[in-house]
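Analysis of the macromolecular model
The primary structure of each chain is shown beneath.
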Amino acid sequence: MLKWIKRLVLLSIFLGLLGIGAIVAIYYHVKSDLPDVATITDIQLQVPMRVYSLDGELISQFGEKRRIPLTKEDVPETLINAFIATEDSRYYQHYGIDPIGILRAVTVWASSGSATQGASTITQQVARNFFLTREKTFIRKIKEVFIAIQLEQILSKDEIMMLYLNKISLGQRAYGIGAAAQVYYGKSVSELTLAEMAVLAGLPKAPSNLNPISSPKNAEMRRNVVLLRMLSENYISQAEYEQAKASPITAKYHGAEITLSAHYVAEMARNKLIELFGTERSYNDGFSVYTTINKTNQEAANQALLNNLHNYDKRHGYRGASKTLWQAPAEKWTTEQITTNLSQTPNFGDLYPAVVTSVAEKEIKVISKNSNGAVQSIFWDGLKWARPFISDSRQGREPQKASEIVAVGQQIWVREVEQKLELSQYPDVSAAFVSLNPQDGAITSLVGGFSFVQSKFNRATQAKRQVGSNIKPFIYSAALDNGYTLATLVNDAPINQWSGSAAWRPKNSPEVYDGPIRLRRALGQSKNVVSVRLVQDLGLTKVIRQLEKFGFDKEDLPRNNTIALGSASTSPLNLATGYAIIANGGFKIEPYIVERIEDAYGTVIYQANPKIACAYCAELYAQQENIQPLTEAQTIQEQGANVCPIAPVSEAQIAPAAISAETAFLTRELLRTAVWGGGSWQDKTGWNGTGWRAARAIERQDMGGKTGTTNDSKDAWFSGFVGNTVATSWVGFDDFQRDLGRTRYNNNLDKEQTTGGEFGASTAQPAWIEFMQATALSNPALSIDPPNKISTARIDRKSGLLTYQTDHSSLFEYFTEDSVPTEYENRVNDFETKAFSSGNGSAPANAPASHDELF
């Protein structure tokens, strides 16, 4: 007996040595193919790019894989226990491999001839996920074992566990438990219930077949297995087990937690990131991009643009249903058929699809995509706008009943207005809106069109459109730089300019001519012929050079006098930047959209360093004085545009001057007049500026702006400022052949009425006003002090000359010190005036000009 025991011991030793030798031999056989395991400490998990607003609202996420990296402190112990119980119950006891599991896998392979049995430990799964493929072969399994052993030597158990939980694929493009919790439940891992944790812990075995969204039954059975394993390992109590097992499967798909809609901004940020770091790093390194927009401004811009386009569309008539699903006498679709069809139709902007199920005289019933099969009503107030669309300039009669508008079985577009459904349609017309801070060029909101889903063309940055009368402030600034003043008289009279046998006859709109008119009033009333006369006098060379200062591309500027009427083309963003130069005192700032970029660990790796418009700083540097930091009370809002917004500012950070401070101030005054108008309403000499609607809606003296309409009303604009916000609104068709048309209606067969055309004031300005009402009014008004070289003088309203009169025939006007008039107006009576030179050539003593006394 002892002999047999001795032989058995020797055999065991021999087999053990043989096994060790075999392992050593296998190790050296595969050694050259094994990766450097130490590199795992430097491995970067593929984390998508996330784009945020300046105030931390998530705008978008880019990347193929969704992953939210977590630390051990972020993960509930119960969730870790769920994975341990299911995947590797002896995880904290073994050294990387589980001999029992390996023996089981070898036995199955030996008996069946195929490697169908797993039994990998969590450490082995980490080895496979980071260094190997998923093919089930003996050699791969051997490599996995060696790598797992090495991992255990260089990493702690907790470190390996977090690599596993952050790396593992859990379906729906979710990698790691952080992303999976958000995708399936819209929660963070700390908010998950026991039942939900068990669902996630059951997914690694087969993420597709056990998916709780597509295969809820399979997911439920797998979850119960996980719960049973947790119970057997004493991680949960019997009561917890029973309660979790009885819970229904509630998973549904949750996209990224987008909290602010700004698709065009996100695309601009994505392009900037790729420009800086390349495509691969941008999509995989977990960068967080913080843009310059803020939630208040962006939401206001979104809503203003949508409302404005819908209002335009309603004025021009209803183009009909998007399609007809069934017609009588065909059988009516079931609710299930309707909801299935609607689920396949995407939403656009604030529009979503609906199907008409019944039509009464003044009401219709619909099932909408958002109603979950419930029937909703659209009442007459949400229908009666829908006159038939005939053309852009012609509409049909107003409907008298709902059946004249829609029919049962039609698929239509609806939107919610003040918590009620309204019939709507996808606008044919396009629009763009952009706002920015004139002090440094930070874009505070941007909308490139009605729907990014429908069209990714960013009209705010990519569309170059003729600017119409929005160009006039820039031309007037050139005049101010060349001897003109706000009081200079220019003849507002028809022009006939002959070129060969053809005549060019620019006209005012409306065709009203006032004869000699002061420059301030000419801009305020947007006199076309005055702008033409200025260009004729200045010459095209000077005008083009001036426009280049405001950001116009020389190649987009026509070499003829039509430039005076806005035949030059630029984008809404470039135009807004030009107006910002006027608003900030003449500094050439550059617009930017990315404020900073952080890596996956929160370290700032890029910080914008914009040029700052700072007259205060520029003056002190010019005097070679030290800049002193401003006190907390010395903010822009309280001190005006001439105070440094960031203190101290280095000389290199000061934006260069595009125009002089004096020219910027006087041009700003022109824009204020275009909104506020002028004259005296007491003696019936008062008049409205073309932007008068803003004055009625926004009672702010630090506001100015200009309407713009191009030839044949193909483009409508409004650009302007309130306080430290500059914004541009544009409306037009992407098809250059279409104009914005007119609104006509015919209530009686024998009488057609016309309500008017589409212009900058009626078509683009409403969006600008709505935006400013929602944003700028909450900020204190700016007090804009005239530059040191600006004086005031009392002048005659008609002649622009100095006057001794103090009644409504006179007003105070701003002048540069070297351009104050020296002649006086001697008003003999209402019909005869005589100019004469003052005895000493000096103007009246300067006096602060109030709004009532100006213009």
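Our structure's up above, just so we're on the same page.
Figured I'd write up the structure that's included with this text. Here the structure is a predicted model, which means the values were calculated and not measured.

A count of helices and strands for the chain gives 24 helices and 30 strands. Counting only residues that meet the buried cut, the chain has 51% of its 855 residues in that class. For the chain, the proportion of contacts with a sequence separation of at least 24, taken over those separated by at least 6, is 69%. Total accessible area computed for the chain in this model is approximately 39,200 Å², and 50% of it derives from carbon and sulfur atoms.

A word on helix 19 (residues 572-583). Since the α-helix packs 3.6 residues into each turn, any two residues three or four apart lie on the same face. Taking 1.5 Å of rise per residue, 12 residues should cover 16 Å, and helix 19 covers 16 Å from first to last C-alpha, within 8% of that figure. Most of helix 19 sits inside the fold, with 11 of its 12 residues counted as buried. Among the residues of helix 19, those classed as buried are Pro 572, Leu 573, Leu 575, Ala 576, Thr 577, Gly 578, Tyr 579, Ala 580, Ile 581, Ile 582 and Ala 583. Remark: Gly 585 follows helix 19 within two positions and exhibits a positive phi of approximately 100°.

Okay, unusual backbone geometry next. The step from Ala 328 to Pro 329 runs through a cis peptide bond, and the omega angle for that step is 10°. In this fold, Pro 329 is placed in the loop between strand 4 (323-324) and helix 14 (335-343). Note that the residue after Ser 509, namely Pro 510, is joined by a cis bond; omega there is 0°. Along the chain, Pro 510 turns up in the loop between strand 17 (502-504) and strand 18 (515-518). Phi angles above zero are rare outside glycine, and Glu 418 is one such case at about 50°. With respect to the helices and strands, Glu 418 occurs in the loop between strand 10 (410-417) and strand 11 (420-424). Phi at Ser 526 is positive, roughly 55°, even though this residue is not glycine. Note on placement: Ser 526 falls in the loop between helix 16 (519-524) and helix 17 (528-538).

Attention shifts here to the packing of helix 15 (residues 472-480) against helix 17. Running from amino to carboxyl end, helix 15 crosses helix 17 at an angle of 45°, the nearest separation of the two axes being 10 Å. Relative to helix 17, helix 15 is oriented oblique. For the pair helix 15 and helix 17, the crossing hand works out as left-handed. Contacts between helix 15 and helix 17 involve Lys 472, Ile 475, Tyr 476, Ala 478 and Ala 479 from the former and Asn 528, Val 530, Ser 531, Leu 534, Val 535 and Leu 538 from the latter. Looking at the contact of helix 15 with helix 17 residue by residue, the classes come out as 8 nonpolar, 2 polar and 1 charged.

Glancing now at the nonpolar core. Grouped together as the largest cluster of nonpolar side chains are 86 residues, with contacts concentrated most on Ile 471, Phe 474, Leu 534, Phe 552 and Ile 563. The element contributing the most residues to this core is helix 19, with 8 residues. Leave out the neighbours within four places in its chain, and Leu 534 touches Ile 475, Tyr 476, Ala 479, Tyr 484, Val 490 and Leu 519. Core analysis: the second largest hydrophobic core is formed by 50 residues, Leu 163, Ala 195, Ala 198 and Met 230 among them.

With respect to the element layout, Gly 704 can be found in strand 22 (residues 703-709). What makes Gly 704 buried here is its relative accessible area of 0%. Distance in space between the C-alpha atoms of Gly 704 and Gly 720 is 5.4 Å, their sequence separation being 16 residues. When residues no more than four places from it in sequence are discounted, the contact partners of Gly 704 are Leu 671, Arg 672, Val 675, Gly 720, Phe 721 and Trp 768.

Attention now goes to the environment of Asn 458. Inspection of the secondary structure assignment puts Asn 458 in the loop between strand 13 (443-447) and strand 14 (465-466). Judged by its relative accessible area of 5%, Asn 458 falls in the buried class. C-alpha of Asn 458 to C-alpha of Met 268: the two residues are 190 residues apart in sequence and 9.2 Å apart in space. Discounting chain neighbours no more than four positions away, the residues touching Asn 458 are Tyr 264, Met 268, Leu 446, Gly 448 and Ala 463.

We now examine the layout of surface pockets. By volume, the second largest pocket amounts to about 980 Å³. Lining the second largest pocket are 38 residues, and of these Ser 469, Ser 509, Asn 528, Thr 709 and Phe 759 lie nearest its centre. Looking at the lining of the second largest pocket residue by residue, the class counts come to 8 nonpolar, 22 polar and 8 charged.

The subject of this paragraph is the sheet that holds strand 20 (residues 594-598). Two pairing modes exist for strands in a sheet, parallel and antiparallel, and in both the strands are linked by backbone hydrogen bonds. Spatially, 5 strands are ordered 2-1-3-20-21 in an open sheet, and the strand pairing comes out mixed. With partners counted over all chains shown, the strands left at the sheet margins are strand 2 (58-62) and strand 21 (604-607), one partner each. The mean inter-strand angle of the sheet, taken between neighbouring strand axes irrespective of direction, is 15°. Contacting strand 1 (49-52), strand 2, strand 3 (288-291), strand 20 and strand 21, helix 11 (residues 263-277) crosses the sheet at an angle of about 50° to strand 2.

The subject of this paragraph is the packing of helix 2 (residues 77-87) against helix 9 (residues 216-232). With their axes 8 Å apart at the nearest point, helix 2 and helix 9 run at an angle of 95° to one another. Considered as vectors, helix 2 and helix 9 are oriented roughly perpendicular to each other. Taking contact as the criterion, the partners of Thr 78, Asn 81, Ala 82, Ala 85, Thr 86 and Glu 87 in helix 2 are, on helix 9, Arg 222, Val 226, Arg 229 and Met 230.

On to the pattern of salt bridges. Overall, the coordinates contain 31 salt bridges when judged by the stated rule. Taking the shortest distance from any N to any O, the salt bridge between Arg 229 and Glu 233 comes out at 3.3 Å. Look at Arg 229 and you get partly exposed, because its relative accessible area is 31%. Connected through salt bridges with shared partners, the residues Asp 313, Arg 319, Asp 392, Asp 428 and Arg 738 form a single ionic network.

A cluster of acidic residues, Glu 73, Asp 74, Asp 158 and Glu 159, forms a negative patch on the protein surface. Looking at the secondary structure, you find Asp 74 in the loop between strand 2 and helix 2.

Under the defined criterion, the tally for this structure stands at 19 aromatic pairs. Measuring from centroid to centroid gives 5.8 Å for Tyr 318 and Trp 385, while their planes differ by 85°, and the two rings are edge-to-face. Residue Tyr 318 is found in the loop between helix 13 (295-316) and strand 4, and its partner Trp 385 is found in the loop between strand 7 (375-379) and strand 8 (389-391); the two are separated by 67 residues along the sequence. Judged on exposure class, the residue Tyr 318 and its partner Trp 385 are both buried. Grouped by ring-pair contacts, the aromatic residues Phe 348, Trp 413, Tyr 426 and Phe 450 constitute a single cluster. The cationic tip of Lys 157 hangs over the ring face of Tyr 91; the distance from NZ or CZ to the ring centre is 4.4 Å. One cation-aromatic arrangement involves Lys 362 over Trp 380; the distance from NZ or CZ to the ring centre is 4.3 Å.

Checked against the element boundaries, Ser 60 lands in strand 2. Ser 60 sits in the buried class, given a relative accessible area of 14%.

Quick look at the sheet that holds strand 13 now. If you walk across this open sheet you meet the 5 strands as 13-12-24-23-22, and the pairing is antiparallel. At either margin of the open sheet sits one strand with a lone partner, and together these are strand 13 and strand 22. Adjacent strand axes in the sheet meet at a mean angle of 5° when their direction is disregarded. Judged from the 7 bridges that link them, strand 12 (residues 430-436) and strand 24 (residues 725-732) form a sheet pairing that is antiparallel. By the bridge assignment, Val 434 is partnered in strand 24 with Thr 728.

Here the focus is empty space enclosed by the protein. This model, assessed by the stated rule, comprises 3 cavities of 30 Å³ or more. Reported here for the second largest cavity is a volume of approximately 40 Å³. Residue lining of the second largest cavity: Tyr 312, Asp 313, His 316, Arg 319, Phe 389, Asp 392, Asp 428, Val 429, Phe 733 and Arg 738, and that is the complete set. Per element, the largest residue contribution to the lining of the second largest cavity is 3 residues, and it comes from helix 13.

Turning to the pairing of strand 23 (residues 715-722), a few remarks are in order. With 8 of 8 residues buried, strand 23 lies mostly within the body of the structure. Of the two faces of strand 23, the one holding Asp 715, Trp 717, Ser 719 and Phe 721 and the one holding Ala 716, Phe 718, Gly 720 and Val 722 are both buried throughout. Alignment of strand 22 against strand 23, held across 7 bridges, turns out to be antiparallel. Within the sheet, the bridge partner assigned to Gly 704 lies in strand 23 and is Phe 721.

About the cut-offs
- Residues numbered from 1 in each chain as written.
- Predicted model: local features only at pLDDT ≥ 70, side-chain atom pairs only at ≥ 80, totals over all residues.
- Heavy atoms only, no water.
- Helix = DSSP H or I, 4+ residues; strand = E, 2+ residues; numbered from the N terminus.
- Buried < 20%, exposed > 50% of the residue type's maximum accessible area, 1.4 Å probe, protein only.
- Contact = heavy atoms within 4.5 Å.
- Areas by Shrake-Rupley, 256 points an atom, 1.4 Å probe, with all protein chains shown as cover.
- Expected span 1.5 Å × (residues − 1).
- Axes fitted to C-alpha atoms, helices over the stretch in contact; angles between N-to-C directions.
- Parallel < 35°, antiparallel > 145°, perpendicular 65-115°, else oblique.
- Left-handed = near helix turned anticlockwise from the far one by under 90°.
- Nonpolar A, V, L, I, M, F, W, Y, C, P; charged D, E, K, R; others polar.
- Core = buried A, V, L, I, M, F, W, Y, C linked by side-chain atoms within 4.5 Å.
- 1 Å grid on protein atoms, 1.4 Å probe; cavity = no way out; pocket = protein on both sides within 12 Å on 5 of 7 lines; lining within 4 Å.
- Points joined across faces, edges and corners; volume = space filled by probe spheres on them.
- Pairing = 2+ DSSP bridges.
- Salt bridge = Lys/Arg side-chain N within 4 Å of Asp/Glu carboxyl O.
- Patch = residues over 30% accessible without salt bridge, like charges linked within 9 Å, V, L, I, M, F, W, Y side chains within 5 Å.
- Lys, Arg positive; Asp, Glu negative; His and termini not counted.
- Charge placed at Lys NZ, Arg CZ, Asp CG, Glu CD.
- Phe/Tyr/Trp six-rings, centres within 6.5 Å; stacked < 30°, edge-to-face > 60°.
- Lys NZ or Arg CZ within 6 Å of the ring centre and 35° of its normal.

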